[in-house]
Amino acid sequence: MSHPILTKAARLEVLGKSPASLYLRLNKRIWEQLPSRVRDLSSLHSYGAWLHTLVCLRARRKQSFGTFFLRNRPALELMRRLVRQRDHGSTLRIAVLGCSIGAEVYSILWTIRSARPDLKVLLDAVDISKEILNFAEKGTYTPDSSQLVGASIFERLTEAEMAEMFELEGDRATVKSWLREGITWHLGDAADPELMNILGPQDMVVASNFLCHMPRADAEKCLRNIARLVSPGGYLFVSGVDLEVRTKVALDLGWQPVSELIKEIHNGDSSVRADWPWQWWGLEPLNRKRPHWQTRYAAVFRICSPERQRAGSQEG
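Residues numbered from 1 in each chain as written. Predicted model: local features only at pLDDT ≥ 70, side-chain atom pairs only at ≥ 80, totals over all residues. Heavy atoms only, no water.

Let us now look at the sheet that holds strand S5 (residues 172-175). Reading across from one edge, S3-S5-S4 is the order of the three strands in this open sheet, with antiparallel pairing throughout. Among the strands making up the open sheet, the edge pair consists of strand S3 (140-141) and strand S4 (166-169). By the bridge criterion, four bridges tie S4 to S5 in an arrangement that is antiparallel. Residue pairing across strands places Leu 168 opposite Ala 173, the latter belonging to S5. (Pairing = 2+ DSSP bridges. Helix = DSSP H or I, 4+ residues; strand = E, 2+ residues; numbered from the N terminus.)

This paragraph deals with the packing of helix H11 (residues 216-227) against helix H12 (residues 243-253). Orientation of H11 relative to H12, taken along the N-to-C sense of each, is 40 degrees, at an axis distance of 10 Å. Taken together, the axis directions place H11 and H12 in an arrangement best described as oblique. Viewed along their axes, H11 and H12 form a crossing whose handedness is right-handed. Touching Arg 216, Ala 219, Glu 220, Leu 223, Arg 224 and Ala 227 of H11 are Glu 244, Val 245, Arg 246, Lys 248, Val 249, Asp 252 and Leu 253, all from H12. Partitioning the contact of H11 with H12 into residue classes produces six nonpolar, no polar and seven charged. (Axes fitted to C-alpha atoms, helices over the stretch in contact; angles between N-to-C directions. Parallel < 35°, antiparallel > 145°, perpendicular 65-115°, else oblique. Left-handed = near helix turned anticlockwise from the far one by under 90°. Contact = heavy atoms within 4.5 Å. Nonpolar A, V, L, I, M, F, W, Y, C, P; charged D, E, K, R; others polar.)

Here we take up the pattern of salt bridges. Tallied over the full model, the rule gives 19 salt bridges. The residue Glu 161 makes a salt bridge to Arg 73 at a minimum N-O spacing of 2.7 Å. With a gap of 88 residues between them, Glu 161 in helix H8 (residues 159-165) and Arg 73 in helix H5 (residues 73-83) connect regions that are remote in the sequence. With relative accessibility at 11%, the residue Glu 161 sits in the buried group. The exposure class assigned to Arg 73 is partly exposed, which follows from its relative accessible area of 36%. (Salt bridge = Lys/Arg side-chain N within 4 Å of Asp/Glu carboxyl O. Buried < 20%, exposed > 50% of the residue type's maximum accessible area, 1.4 Å probe, protein only.)

With that settled, consider the packing of aromatic side chains. Inspection of every chain in the model, using the stated rule, returns 11 aromatic pairs. Both rings, one in Trp 31 and one in Trp 278, keep their centres 5.9 Å apart while their planes meet at 85 degrees; by these two values the pair is edge-to-face. Residue Trp 31 is found in helix H2 (residues 19-33), and its partner Trp 278 is found in the loop between helix H14 (270-274) and helix H15 (293-297); the two are separated by 247 residues along the sequence. Its relative accessible area of 7% is what places Trp 31 among the buried residues. Each member of the aromatic cluster is reached from another via a ring pair, and the members are Phe 69, Tyr 106, Phe 135, Tyr 141, Phe 154, Phe 166 and Trp 185. It is Arg 156 that lies over the ring of Phe 68; its NZ or CZ is 4.0 Å from the centre. (Phe/Tyr/Trp six-rings, centres within 6.5 Å; stacked < 30°, edge-to-face > 60°. Lys NZ or Arg CZ within 6 Å of the ring centre and 35° of its normal.)

Right, let's get into the sheet that holds strand S2 (residues 120-127). Taking strand neighbours across the sheet as the criterion, the seven strands line up as S6-S2-S1-S7-S8-S10-S9 in an open arrangement whose pairing is mixed. Where the open sheet ends on each side, the last strands, each with one partner, are strand S6 (183-187) and strand S9 (256-257). Note: strand S7 (residues 202-208) against strand S8 (residues 230-239), six bridges, orientation parallel. From the neighbouring strand, Val 206 faces S8, where its bridge partner is Phe 237. Here helix H7 (residues 130-138) sits on the sheet and contacts S2 and S6; the angle it forms with S6, its principal contact strand, is near 165 degrees.

The omega angle of the peptide bond from Trp 276 to Pro 277 is 5 degrees, so this bond is cis rather than trans. Relative to the assigned elements, Pro 277 resides in the loop between H14 and H15. Despite not being glycine, Leu 70 shows a phi value in the positive range, around 50 degrees. Take Leu 70: it is sitting in the loop between helix H4 (42-58) and H5. Positioned with a positive phi, Asn 209 is a non-glycine residue whose angle comes to about 60 degrees.

Turning to helix H6 (residues 103-115), a few remarks are in order. Spanning 13 residues, H6 covers 18 Å between terminal C-alpha atoms, matching the ideal 18 Å at 1.5 Å per step. Among the 13 residues of H6, 10 are classified as buried, and the element is accordingly described as predominantly covered. Of the residues making up H6, those classed as buried are Ala 103, Val 105, Tyr 106, Ser 107, Ile 108, Leu 109, Trp 110, Thr 111, Ile 112 and Arg 113. (Expected span 1.5 Å × (residues − 1).)

On to the nonpolar core. Among the nonpolar cores identified, the biggest contains 48 residues, and Phe 69, Ile 94 and Phe 166 are the most heavily contacted of them. Per-element tally for this core: the top contributor is H6, with seven residues. If we skip the residues at most four places from it in the chain, Ile 94 touches Ile 108, Ile 112, Val 121, Leu 122, Leu 123, Asp 124, Gln 202, Met 204 and Val 206. Counting residues in each nonpolar core, the second largest holds 36 residues, with Ala 190, Val 205, Val 238 and Trp 255 among its members. (Core = buried A, V, L, I, M, F, W, Y, C linked by side-chain atoms within 4.5 Å.)

Below is the structure:
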C-alpha cells in the first residue's frame, strides 16, 4: 500500500531532528502505560495500525537470525495434523526457506518424525548466508546462539523435549542423529527464479520470518516465486511477512487459507505479537471484521492451481 504523503512526513527532518521519531517515542510511552483491556479496544487497534504504518515507513529493514526452537507450537501442531493424511511409508518433501541457524528445520523434523516415524521425510533447507548455513548443519547450540537479546534459544522447550531432541553436554546441545537425517543444505536465495529447478516440487514449503525484513515490493516478488515450489494440493506455511503483501498475493493466486488453528497460529509467536506496533516485524491483533480476514490472517495455505502460480509469478 502506497502512502506518498505519509512517507514524506515520516522522513522529514527539522534542524536535524525527526518529528515523526519524536511522535512515535511519545506515543510508545503512553501506549505502554495503558492497561491491556484498553489496548484491546478496536479503536486502539486502528490507531495502532496507523502507528505501525509510520514505523514501517521509517524502518531500515535488515535480516535477523534470532529465533527459538518450537517457536510457534500451533503451526507445528497443524503440520502434524496435516501429515496424518499421508499414506503409510510414503515420502514427504519439505522445503524450509530462509532456514537461518536451523532451529526451525530441526523443530519441524522433530514434530513430524515423532508423529509419523514411518514417513521418509526429505527436507531441503535454504539460506542466503554460507556462514549461517554451516552453523545450522553442525547442529550444535548454546543458550545464547540466538541473537534475540536476553532470550535463550531453548526458552520455549521443556526439559523432556530438550532430552528428546539433543545430546547434552554442559551448556552445549547437539541435535540427535535421527533428526539430522534426510536434510540437504542449500546456499541459495528464495527470490531466485531458478529455485524450482534446483529443489523441485515440494509437498510443504515453509517461509517464515524473513519476508518482513525485505522492502514490500521485493517481498511480494519473492513470495510469488516461493509459491511455485508447492506441488498441487500441497501447503505453504508463510509467517513473518507484511500482511498486505501476503493478502494481495494470496488473493491474486487463489490460495485457499487453512482455517484450522488460524487464531492460535496467529498468536502463536509471542515475540512478534508483543512487538506490534513498534517494530516493522510486529504482528497486528486478529480482527474478524476485516475484509478477507481469513486470507489476511491465515499463515497456512493450500495451493491448488499450478497454472495460476506460474502466471502470477510472471506478473509479479
